[in-house]
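Breakdown of the fold
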2 protein chains.
Amino acid sequence: MRLVVIGAVAAGLSGAYSAMKNIEDLEVIVLEKGTDVSYGACGMPYLIGGAIDEESKLIAKAAREIIADGIDLRLRHEAVGVDFGLREVTARILDTGEVLGIPYDLLLIGTGANAVKIPGTEGIEGVFTLNTLDDSRRIISFIEEKKVKKAVIVGGGYKGVEMLEALHDLGIKADIIEMEKSILNTFDPDVSAITEKYLLDEGFGIHLGEKLDRLETDTYGETGERVSRVVTDKGEYDAELVILALGVRPATGFLEGTGINMTKGAIATDLEGRTNIPVVYAAGDCAMIFDFVAGIDRYLPLGTNSNKMGKLSGLSMAGKPARFRGVQSSGYVKVLGMEQSQTGMTDTAAKKMGLDFGSVLVRTRDRSSYYPGSRNLYVKLTYLKKDGRLIGAQMAGETGTAIRIQGLVPAIYANLTVYDLEYMDFGYAPPFNSVWDSINVAASKAVKTLSLENS
Amino acid sequence: MRLVVIGAVAAGLSGAYSAMKNIEDLEVIVLEKGTDVSYGACGMPYLIGGAIDEESKLIAKAAREIIADGIDLRLRHEAVGVDFGLREVTARILDTGEVLGIPYDLLLIGTGANAVKIPGTEGIEGVFTLNTLDDSRRIISFIEEKKVKKAVIVGGGYKGVEMLEALHDLGIKADIIEMEKSILNTFDPDVSAITEKYLLDEGFGIHLGEKLDRLETDTYGETGERVSRVVTDKGEYDAELVILALGVRPATGFLEGTGINMTKGAIATDLEGRTNIPVVYAAGDCAMIFDFVAGIDRYLPLGTNSNKMGKLSGLSMAGKPARFRGVQSSGYVKVLGMEQSQTGMTDTAAKKMGLDFGSVLVRTRDRSSYYPGSRNLYVKLTYLKKDGRLIGAQMAGETGTAIRIQGLVPAIYANLTVYDLEYMDFGYAPPFNSVWDSINVAASKAVKTLSLENS
């Protein structure tokens, strides 16, 4: 029996190992377009910023280890098509141009995603996206070589603000241009406003509601063209370096017209990673994932989701499905001394779904107010008005606070209400929280609000 | 209508305010034996150690503020008896010796607890317990006056190790004498062993399984007698200061023979703080509290429990009961660079109850191994073998790790299983956790263990 896996980063390799561990005598061929495998893509901003000092630290498993584990890893093999009828992947060997057919009994698609680019900017020196380890290397070299002092980041999402921190750590002044009215748009605006205020107070240029108009360039030498300025509908910003952090799109172009179900290019899968095509699985940034809070498939290209769906696909192939209900859109982001975290639905999402919900946002402290080093911790809870059921939570605060969102993750999973949380025993000691934990405080405010509305 | 409250620290004042806010035209009389009110007793070790620089920071509300809020606060009034038939408290005014009867319509007993002492040691200079703010003051004065360099702490529970840190912060070398085989006995020994190893590596004397035999004294001046040495069944330790951290007992001597239900002096209450006597409530360190995981009333004298039961009592008096299921024995402790946290049952507790349980203890990291500053985080899960239901969790690790127990608090509350937790979406970003969160890792090991046992 042969499993072919397309893609050797998080989803692909998780799936390959999971299947291999659980199915006897399985032949595993992994095709990888590039030469980098099994790297922690989420660590790239920290590699660029220098917090991580060696590229090798991002590599979970080197190619030689994967091969030693018995996986037939084929680098620089790009999948260019699949015949689901014949059960055969067509791959091009990039170094020779040779094209070959590789039959499979099981197929896992883990091709990941490509960064969204802006047409016409690709040839310009100093303009980068950050999607692969190679992108990181290019950015690092460029910064070192050009001694960059001024940058603009287009897009204020997770990757945008992480790059702000990275560039700041390198002594590079960076502005963020964000089209929407707030940065970090997976959060509600009132939560992201806390980080925006922090960044503005620290002197960063955070330009909200501004749309990129064009990049201006200098020419140099014979044919060189390098970026010099970013022009938006509202302003102009000098920049020797421009990072386009506009999100990613599934790398599934080679599957168009094959009959595999996709939404905006993201492959539809069930909770075990199965696609609509027999024996074909998909996982990671090329696929959708089920969000059980919203009750819909979503495109959530996150490292943890890739690893989970990869592993679950392998288990499913082995006939050993795990108990998995889907994800709940949990996430964290850190930018310098500020952190945000979330799980479940935001107000924005609940509104879009037409739910009858309420929400509270409270400012608390992360430890007893009398204990040294106590910090602000903002907690937002979103709940159904009908019964107080918690459907979402967001936190913002200084270093070390955002991890507390974990206390609300199983609460949402288990359909608990703000009434359950008001007196829940989160424990207490002065270095850790207050006598009334921040979650109790937020839940108590929600209970009061519900009671006033019902009276 | 008159509410009489006995005790003006956490439980008593929480109850007084809660009742006053929710019942119109309520007269509230609060009797307090001492002169200190509304202080954060959990902060006392940090006051002694100097982390908290001013005593006033521990005071949530000064007596004058309480009086300004309309509460008839009577300091140095000691309750010496209650006539539940007549509905009258007998109080002695300590400054005059006068005894008076104070009738009540509602009564809340919040007298707290007294430190366990060792008979015969009370007159000896240099021997202290730590139960009240006055105790703290005495310890602080003694240390300053005598320039203490060497101390012994008898008892390695929460307060014992917190005092170890406090004394260490003051440059005082302290040993701990613990009768049991491990310190921090509300945890399992394999978890506390992590902190024991840390403390031993740091050069502290942690003497386990040693029983106090006697205190030796020096005489000085005319009649002075001061402690000089602690003698156990296994060793002798020089000490200018001895802290007896042997736990507390409910301060309910004045209720003996009144017909109120008590177990070992702790008043039995329901989930709303009601005792077996009509219109009489009890809360805090003088009372039991229901632990819904164990399914029994327990004596858990903790600040958060006092505040909760105080508030719940007041709401109950007002006919506005809240949704409260009881506590789940959650707690944290910090000692220097180490932390431990727990919720639900330990293996030790599960064994005592005769449950068919399993447990796993894993060592994980608190953030991506490649992210700077990553620390060990030990996670222990205790679960029922029958269905994998989580009944307890413990964590140990370096600074900043123990708060993660919060992610397991609602899991236990909601009867979730290790199968639910294996793939639960705790989110991921390198500064916060790993692609597989520590809780996922522990749950996954539990699932594997269960599957091996059942195969």
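Along each chain, numbering runs from 1 in the same order as the chain's sequence is written. Labels are handed out in written order, letters beginning with A for the chains and numbers beginning with 1 for the ligands. In keeping with the model being predicted, local features are shown solely for residues with a pLDDT of at least 70 and side-chain atom pairs are shown and tallied solely at 80 or more, while totals for entire chains, interfaces and linings include all residues.

Attention now goes to the interface of chain B and chain A. Distance between backbone-placed C-beta atoms decides contact: two residues are in contact if it is within 7 Å. Facing 57 residues of chain B, the contacting portion of chain A comprises 57 residues. The numbering of helices and of strands both runs from the N terminus, where a helix is a DSSP run of H or I of at least 4 residues and a strand a run of E of at least 2. Of all the secondary structure elements, the ones that give two or more residues to the side of chain B that touches chain A are α7 (303-317), β23 (331-335), β24 (338-344), α9 (409-413) and α10 (418-422) of chain B.

Let's shift gears to the relation of the copies chain B and chain A. Mapping chain B onto chain A is achieved by rotating through 180° and translating by 0.0 Å along the same axis, at an RMSD of 0.0 Å. The symmetry that links the two subunits is that of a two-fold axis. Closest approach to the rotation axis among the C-alpha atoms of chain B is made by Gly 407 of chain B, whose C-alpha sits 2.0 Å away. When the interface residues of chain B are mapped onto chain A, 100% of them again lie at the interface, so the same face is used by both copies. Copy-to-copy alignment: least squares on C-alpha atoms, limited to residues at pLDDT 70 or above in both.

Residue and element names in this part refer to chain B. We treat two strands as partners when DSSP finds at least two bridges between them. Strand order in this open sheet of five strands is β3-β2-β1-β7-β20, and the pairing throughout is parallel. At either end of the open sheet lies a strand with only one pairing partner, and these are β3 (72-75) and β20 (280-282). With direction set aside, neighbouring strand axes in the sheet form an average angle of 15°. Every angle, taken between N-to-C directions, lies between 0 and 180 degrees, and every axis is a line fitted to C-alpha atoms, over only the stretch in contact when it is a helix.

A few words now on helix α5 (residues 158-169) of chain A. Residue and element names in this part refer to chain A. With 12 residues, α5 should reach 16 Å at 1.5 Å per residue; the first-to-last C-alpha distance of 17 Å fits that figure. For α5, the full list of buried residues reads Tyr 158, Lys 159, Gly 160, Val 161, Glu 162, Met 163, Leu 164, Glu 165, Ala 166 and Leu 167. On its buried face, α5 sits against α2 (44-49), β10 (150-154), β11 (173-178), β16 (241-244) and β23 (331-335). Backbone geometry just downstream of α5 places Gly 171 in the positive-phi region, at approximately 80°. A helix is expected to reach a length of 1.5 Å times the quantity of its residues less one. Burial is judged by counting the other C-beta atoms within 10 Å of a residue's own C-beta: 20 or more makes it buried, 12 or fewer makes it exposed, and any count in between marks it as partly exposed, with every C-beta position built from the backbone.

This part takes up the domain arrangement of chain A. Residues and elements named next belong to chain A. Looking at the assigned domains, one finds that chain A contains domain 1 (2-113 + 249-317), domain 2 (117-246) and domain 3 (337-454). With centres defined by C-alpha atoms, the gap from domain 2 to domain 3 works out at 33 Å. Listed per partner, the contact involves nine residues of domain 2 and 11 residues of domain 3. As used throughout, domain bounds are those supplied by an automatic or database domain assignment.

What follows deals with the environment of Lys 308 of chain B. All names here are of chain B. For Lys 308, the position within the fold is in helix α7. A count of 30 C-beta atoms within 10 Å places Lys 308 in the buried class. Spatially, the C-alpha atom of Lys 308 lies 9.6 Å from that of Val 327, the residues being 19 residues apart in sequence.

Before going further, it helps to examine the sheet that holds strand β6 (residues 99-103) of chain A. Residues and elements named next belong to chain A. Read from one edge of the open sheet, three strands run β4-β5-β6, paired in antiparallel fashion. What marks the edges here is a single partner per strand, and that holds for β4 (77-83) and β6. Neighbouring strand axes in the sheet, compared pairwise and without regard to direction, differ in orientation by 30° on average.

Once that is clear, we can look at the nonpolar core. Joined through C-beta atoms within 7 Å, a set of buried Ala, Val, Leu, Ile, Met, Phe, Trp, Tyr and Cys residues constitutes a nonpolar core. Residues Val 242 and Leu 390 of chain A together with Val 242, Ile 243 and Leu 390 of chain B are the most contacted members of the largest nonpolar core, which totals 294 residues. Not counting chain neighbours up to four residues away, the residues in contact with Val 242 of chain A comprise Gly 126, Val 127, Ala 151, Val 152, Val 154, Leu 215, Val 227 and Val 230 of chain A.

This part is about the environment of Leu 384 of chain A. All names here are of chain A. Checked against the element boundaries, Leu 384 lands in strand β26 (residues 376-384). On a C-alpha basis, the gap between Leu 384 and Leu 255 in space is 40 Å, while along the polypeptide they are 129 residues apart. Those residues in contact with Leu 384, other than ones at most four positions away along the chain, are Leu 355, Asp 356, Phe 357, Arg 389 and Ile 391.

Attention now goes to helix α1 (residues 10-22) of chain A. Residue and element names in this part refer to chain A. A rise of 1.5 Å per residue sets the reference length of α1, with its 13 residues, at 18 Å; its end C-alpha atoms lie 18 Å apart and thus fit the reference within 8%. Burial runs high along α1: 10 of the 13 residues are buried. What α1 keeps buried is the set Ala 10, Ala 11, Gly 12, Leu 13, Ser 14, Gly 15, Ala 16, Tyr 17, Ser 18 and Ala 19.

Residues and elements named next belong to chain A. Where α1 meets helix α7 (residues 303-317), the closest approach of the two axes is 7 Å, and the angle between their N-to-C directions is 30°. By the criterion of interaxial angle, the relationship of α1 to α7 is roughly parallel. Here α1 runs over α7; the crossing is right-handed. Of α7, the residues touching α1 (which contributes Ala 10, Ala 11, Gly 12, Ser 14, Gly 15, Tyr 17, Ser 18, Ala 19 and Asn 22) are Gly 303, Ser 306, Asn 307, Met 309, Gly 310, Lys 311, Ser 313, Gly 314, Leu 315 and Met 317. For this scheme, ten residues count as nonpolar: Ala, Val, Leu, Ile, Met, Phe, Trp, Tyr, Cys and Pro. Four count as charged, namely Asp, Glu, Lys and Arg, and the remainder, Gly too, count as polar. Classifying every residue of the contact of α1 with α7 gives seven nonpolar, 11 polar and one charged. If an angle is under 35 degrees, it is roughly parallel; if it is over 145, roughly antiparallel; if it lies from 65 to 115, roughly perpendicular; otherwise it is oblique. Each crossing gets its hand from how the near helix is turned against the far one by less than a right angle, where anticlockwise is left-handed and clockwise is right-handed.

Here we come to unusual backbone geometry. Trans is the prevailing form of peptide bonds, just as negative phi is the prevailing case for residues other than glycine. Residue and element names in this part refer to chain A. Positioned with a positive phi, Asn 415 is a non-glycine residue whose angle comes to about 60°. Looking at the element boundaries, Asn 415 is found in the loop between α9 (409-413) and α10 (418-422). Here Asn 415 falls in the partly exposed class, since 13 other C-beta atoms lie within 10 Å of it.

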